[in-house]
Every structure is written in C-alpha cells, then in structure tokens.
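Examining the three-dimensional arrangement
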Amino acid sequence: MLKLFHVSDLHFGHPAVPEHYEAIEAHIQEQRYDVVAISGDVSQRARPGEFQRARSFIKHAEEVSRTIVVPGNHDVAWWRAPLGFGDESAIHANFRAYVNPEVEPVLRVPGAVFIGLNTSHGVTARTLTWNLRDISIIGDLRQEQLERVRTVCAETPPGDARVIVMHHNPVKGELSQRHGLKRTKKILGAFAEAGIELVLCGHDHQEAVHYIGHTKKGTVISTAGTVSNRSRGGRPSSVNSIRITPDEIEVSTLVWSPSARTFLPGPSKCFAR
C-alpha cells in the first residue's frame, strides 16, 4: 500500500494561515506518508521570502516522506517575459533557486511513478482569452510535455501506478464552473492513452474528486483545496489523503476544524484500479 498526502495552494505570504500549515506539518510528521505531493502555488507573489518558507515546509516533510512539488501560476514571475518578450528562464528563477531546480520532476517509488508537469508558463499567446482576468491565470500543456508523459510511462513497470502532479484543474470546479487548464479534452485523452490513473492538481481553491471514464481505464482527479484564507465560497481549508493499493485508489478529504484546530476526516471516495 502507498500512502500519499496531497496539498495545494499553500500561498505562503499574506494569504497563508500559520495555524493551518503548521497543523499540516505536524500531521505529515505523525502520519509519515510515503509521498507528499504539492501541486503548485506555494507562494503568493513569487517572492524570495515566500519561497524560503515553502522550502522550509518541504524540507520538514522530507524528514519523513519523499516529496514532489511543481510550480503554480502564483509561483511564476510572468511580468519578466510576457508573451515571450524578455528572458523566459527568469519567470521560474525564484522557484528554481529556492524550491527545486527542476520544474518537472519525476519521482519513482516502489509501486508508483509521479510525473511532475509544469502547467504554469506565464502569459503566452496560447493562454490568452477574451477575459482580462485570465491573464497569467490559465494553465497549458504543450505537445512535447504530453510526449514526455508517454515516454516516462513506457519506461514504468506494469502494475505501477502512474500519477500526474500538476497545478491547473482539468475538470470544472463546482463553484467556479471553470477549467483551470486549456485543451482539457485533448490532455485527458493523452493521459488515458499513457495509462495515467491519478491526477493531483489544485488551483480552483475548492476540493473535489472526479472520475473520468475511458474505454480502457479511468482516471481519478484529486483536486486539493487551498490552505490559506482564499478558499472559494468561504469553505474551510482542506487537503487530500490518498491510499493506493494494487486493486484500488481511495481519496479522502481532510477538512480544517476551527474547534479541533486540526484537519479532520471528511468525504472519501474509492475507485477500482
């Protein structure tokens, strides 16, 4: 059995709530998960101080668990290279310096492979919409990234769980009624062809668990809520705890309880592999 902790949208900086993320740090130490996956937006404004606190959070988790983290749109200094004008490498410079030099890490553990995908490319022609509020918000995956997923999966032993870690949600949020990611139909189809069983994402600031059925095998989508004061609809902070066995994937939501001052078990869904 593989125990996985999925957290997203910590937003270290002004929106972060110390009581919440400190409770998560204690929870990780107590539960000793096999893997802690952080699906982006570890900072609020991509500032060095925010990334330094994120680095501390990650290092603390690494004392007891393997970790994988990818950038979110808030971790990107998009203003350094809008529409490709400027130094494109600079937009992830602080993330690379303080969090991880690799924005698309691959983590292999017994029984599973975790493939990190960077959906946060800043302001590009591909992510522009007619809504000005979407500037720097919308996520994107390029063809070469999908090809890389197929390559990694082809090198993965049969029976190992294939897991994507990315920031933007490929399924519409219940309250937002929006995809965070463009070209979701094509991307989910590519994931299915590669044998992806589980996608870990965030961005929507509302927790959700979905199952996308395909002709051969379905894909479970774990969307973690935010651990900050920016939850959609005034919902409490939440994280997801996941159990992967040879036969099933179970996703359980842990919800912040102000009275207990910790995260308590919430809804749980189980899917056959």
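Residues numbered from 1 in each chain as written. Predicted model: local features only at pLDDT ≥ 70, side-chain atom pairs only at ≥ 80, totals over all residues. Heavy atoms only, no water.

Look at helix H2 (residues 48-61): 20 Å from first C-alpha to last across 14 residues, which is about the 20 Å you get at 1.5 Å a residue. As for H2, its buried residues are in contact with helix H1 (18-31), strand E2 (35-39), strand E3 (66-70) and helix H3 (93-98). (Helix = DSSP H or I, 4+ residues; strand = E, 2+ residues; numbered from the N terminus. Expected span 1.5 Å × (residues − 1). Contact = heavy atoms within 4.5 Å.)

The next subject is the nonpolar core. One finds Phe5, Ile24 and Ile38 to be the most contacted residues of the largest nonpolar core, which totals 29 residues. Those elements that provide at least two residues to this core are strand E1 (2-7), H1, E2, H2 and strand E11 (248-257). If one sorts the elements of this core by residue count, H2 sits on top with five residues. In contact with isoleucine 38, other than residues within four places in its own chain, are Val7, Leu10, Phe57, Ile58, Ile68, Val69, Val70 and Val165. (Core = buried A, V, L, I, M, F, W, Y, C linked by side-chain atoms within 4.5 Å. Buried < 20%, exposed > 50% of the residue type's maximum accessible area, 1.4 Å probe, protein only.)

Our focus in this paragraph is the packing of H1 against H2. One can describe the packing of H1 onto H2 by two numbers: an axis separation of 9 Å at closest approach and a directional angle of 20°. Judged by the inter-axis angle, H1 sits roughly parallel to H2. Considering how the two elements wind past one another, H1 and H2 form a crossing that is right-handed. On H2, the residues that touch Tyr21, Ile24, Glu25, Ile28 and Gln29 of H1 are Arg53, Phe57, His60 and Ala61. (Axes fitted to C-alpha atoms, helices over the stretch in contact; angles between N-to-C directions. Parallel < 35°, antiparallel > 145°, perpendicular 65-115°, else oblique. Left-handed = near helix turned anticlockwise from the far one by under 90°.)

Now for the sheet that holds strand E9 (residues 219-223). Strands pair in a sheet through their backbones, by hydrogen bonds, and they do so in one of two ways: parallel or antiparallel. With mixed pairing, six strands are arranged side by side in an open sheet as E4-E5-E6-E7-E9-E8. Looking at the sheet topology across the chains shown, the edges are occupied by strand E4 (106-109) and strand E8 (208-212). Looking at each pair of strands side by side, their axes are set apart by 15° on average, direction ignored. Pairing geometry for E8 and E9, over five bridges, is antiparallel. (Pairing = 2+ DSSP bridges.)

These results come straight from atomic positions and should not be treated as a statement about function.
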